[in-house]
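# Notes for the structure review
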Amino acid sequence: ARGELINVKQAVSAARGRADDAVVQAEKLTDEIREARSLEHAMSTDESLATANQKSQERRAFMGEMEKALADKLDLESSTRKLESMIDDLQRKAHLQAKVAASARRQADHSMSIADQLEEHALEEREAADLRMAACIKAKITVESSDAVLTSTEAQLAEAERAAVEADELALESRERADQLAKEAEEIQDLASLEENVRLAKALQEEAHVIYEGAKESQEEALERSAKAKQVHETNCLNLANLERDAMAELLRKESAQQAESLAVNACENAQALSVQVDELETKCDEAKALAAEKSAALVIANRYKEKSTRVQLLSPSLAKSTLIHSTNMRNWDKSFRLPNYALHSIPDKRVVERAERGKEEWRRWVEFNKTHFSRTYPESASRNYNPLLPWAMGCQFVSMNFIRNKFMLLNDGRFRENGGQGYVLKPEYLREDS
C-alpha cells in the first residue's frame, strides 16, 4: 500500500506539473494573442487573423491537455482515497496489534516477576536441602556408631551367655560331685573327712551359685543393653528412613525448582521476544501514522487545489490588458524561475521564516528570484504584525502590514520616511543586480 501510495503521489505530482505547464503555456499564448491584437494596426488583416487563429488553436490544444491532466488528477485522487482507506484499516490493525503487544508486555512483566519469585523460592529450597543433607550425613554417622555399640553389646551378651553356660555346667558338676561324695560318705565310716568334703562341696556350690547369679545379672544387664541398643537402632533406622525420604523429596523439589527456573528462563526469553515484537509494531505504527499524516496533508492540498481549480475562470482580454502583475502559486524554484517577469508569489509570514531557516541556498535562490520577479509577504492574522526586516533582506517588493500601532508598524513607517513617505524605497544594489 505504501509503494502504491508513493506511485500515486508521483503520478499526481506529474499530472499537477503537466497542468501547471499547460496553464503557463496557455498564459503565454494569451499574452501572445494580446500582443498580436495590440499590433493589429501594423499587420495586414489576413496575417492578424491567421496568427490569432493559430494561437487560438494552440490555446485550445493546451486547454485540452490541461483538462486531460485534471481528469488524470481526479482519477489519481480517487485512487489516493482508496489507498487512504486501506491505510486507515492498516492503522486500525496496527492499533489492535499495539494493544496486543501491550497486553503481551504486561504478561511478560508478570512472568518475569513470577520467575523472580520462583528463583528466590529455589534458592531457599536449595539452602534447606543443604541443611537436610548435612542432617542426613550426621544421622548416618550416628547409625554407624549405634551399629558399633549394638555389635559390642551383642558380643558382651554372647560372653555372658557363655559364662552362664559355664556356671550351669560347674553347678551340675558340683551337684554330681556332692552326690558322689554323699554316696561315698554312706560307704565310708569316717564322718570327719566326709563332713570336710561336704563343707568343701557346699563352698564350691556357693561359689558356683554366686558365679551363676553374677552371670545371670550380667546376662540381664546385657539383655537390657541389647534392648536399648535395638531401640536406638530402630530409632536411628526410622530417622534414616525419614532422612532418606526427606532427601528424596528435596531432590524432587530441586528438580521442580530447576524446571521452574527453566520455565522462568523461557518466560524471560519469550518476554524479550515479545518486547522486540512490540518495539517493531510500535515502529510500524509510527511509520503508518506518519504516512497517514502525510497523505492527509496531501489530500488537504489536493482538495484545496481542486476547489481552487473549480473557481478558475478565463481572464477577460480587456482586464488582461489593464493588469500588470499576475499572482501565481509557489511550487518550486525551478518552475518559479521559468515564469514570466510579471509573475508574483504571495507568501505568508510564517513560511517566510521557514524558508529562511532552511539555509543559505534557499535564501540565495529567493534573492535571485526577487531580482527578476515579484513577491509579496503578508501576515496570516489580522490581529498581529510581523518583523518586515526579514522579507526586506530577501528582496521582497511588497511587504504587507496590518495597521496596528506596534513596534513593527513603527519600523515600517520609519523605513518609508526615508523617501518622504511616498511608499517606495529603492532596494540596495546587491538585491537588484547580479554580483
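Residues numbered from 1 in each chain as written. Predicted model: local features only at pLDDT ≥ 70, side-chain atom pairs only at ≥ 80, totals over all residues. Heavy atoms only, no water.

## Some thoughts on the pattern of salt bridges
What the rule picks out here adds up to nine salt bridges. Residue Arg365 is joined to Asp334 by a salt bridge in which the shortest nitrogen-to-oxygen separation is 3.0 Å. Here the residue Arg365 occupies a position in helix α7 (residues 360–372), and Asp334 occupies one in helix α5 (residues 333–338), the gap between them amounting to 31 residues. Accessibility expressed as a relative area gives 47% for Asp334, which makes it partly exposed. Glu361 is paired through a salt bridge with Arg364; the nearest N and O atoms lie 2.5 Å apart. One end of the pair, Glu361, and the other, Arg364, are both in helix α7, three residues apart, so they sit about a helical turn from each other. When its relative accessible area of 42% is taken as the criterion, Arg364 is described as partly exposed. (Salt bridge = Lys/Arg side-chain N within 4 Å of Asp/Glu carboxyl O. Helix = DSSP H or I, 4+ residues; strand = E, 2+ residues; numbered from the N terminus. Buried < 20%, exposed > 50% of the residue type's maximum accessible area, 1.4 Å probe, protein only.)

## A word on a negative patch on the surface
Together, Asp116, Glu119, Glu120, Glu124, Glu127, Asp130 and Glu261 make up a negatively charged patch on the protein surface. Considering every element that reaches the negative patch, the biggest residue donor is helix α2 (residues 45–187), with six residues. Note that Glu119 resides in helix α2. (Patch = residues over 30% accessible without salt bridge, like charges linked within 9 Å, V, L, I, M, F, W, Y side chains within 5 Å. Areas by Shrake-Rupley, 256 points an atom, 1.4 Å probe, with all protein chains shown as cover. Lys, Arg positive; Asp, Glu negative; His and termini not counted. Charge placed at Lys NZ, Arg CZ, Asp CG, Glu CD.)

## Let's talk about the sheet that holds strand β4 (residues 398–399)
One open sheet holds the four strands; their spatial order is β1-β2-β3-β4, and the pairing between them is parallel. Each of the sheet's edge strands pairs with one partner strand only, and the pair in question is β1 (326–327) and β4. When β1 meets strand β2 (residues 343–348), the two strands line up parallel, connected through two bridges. Within β2, the position partnered with His326 by the bridge is Ala343. The sheet contacts of α7 involve β2 and β3 (374–378), and relative to β3 the element is tilted by about 115°. (Pairing = 2+ DSSP bridges. Contact = heavy atoms within 4.5 Å. Axes fitted to C-alpha atoms, helices over the stretch in contact; angles between N-to-C directions.)

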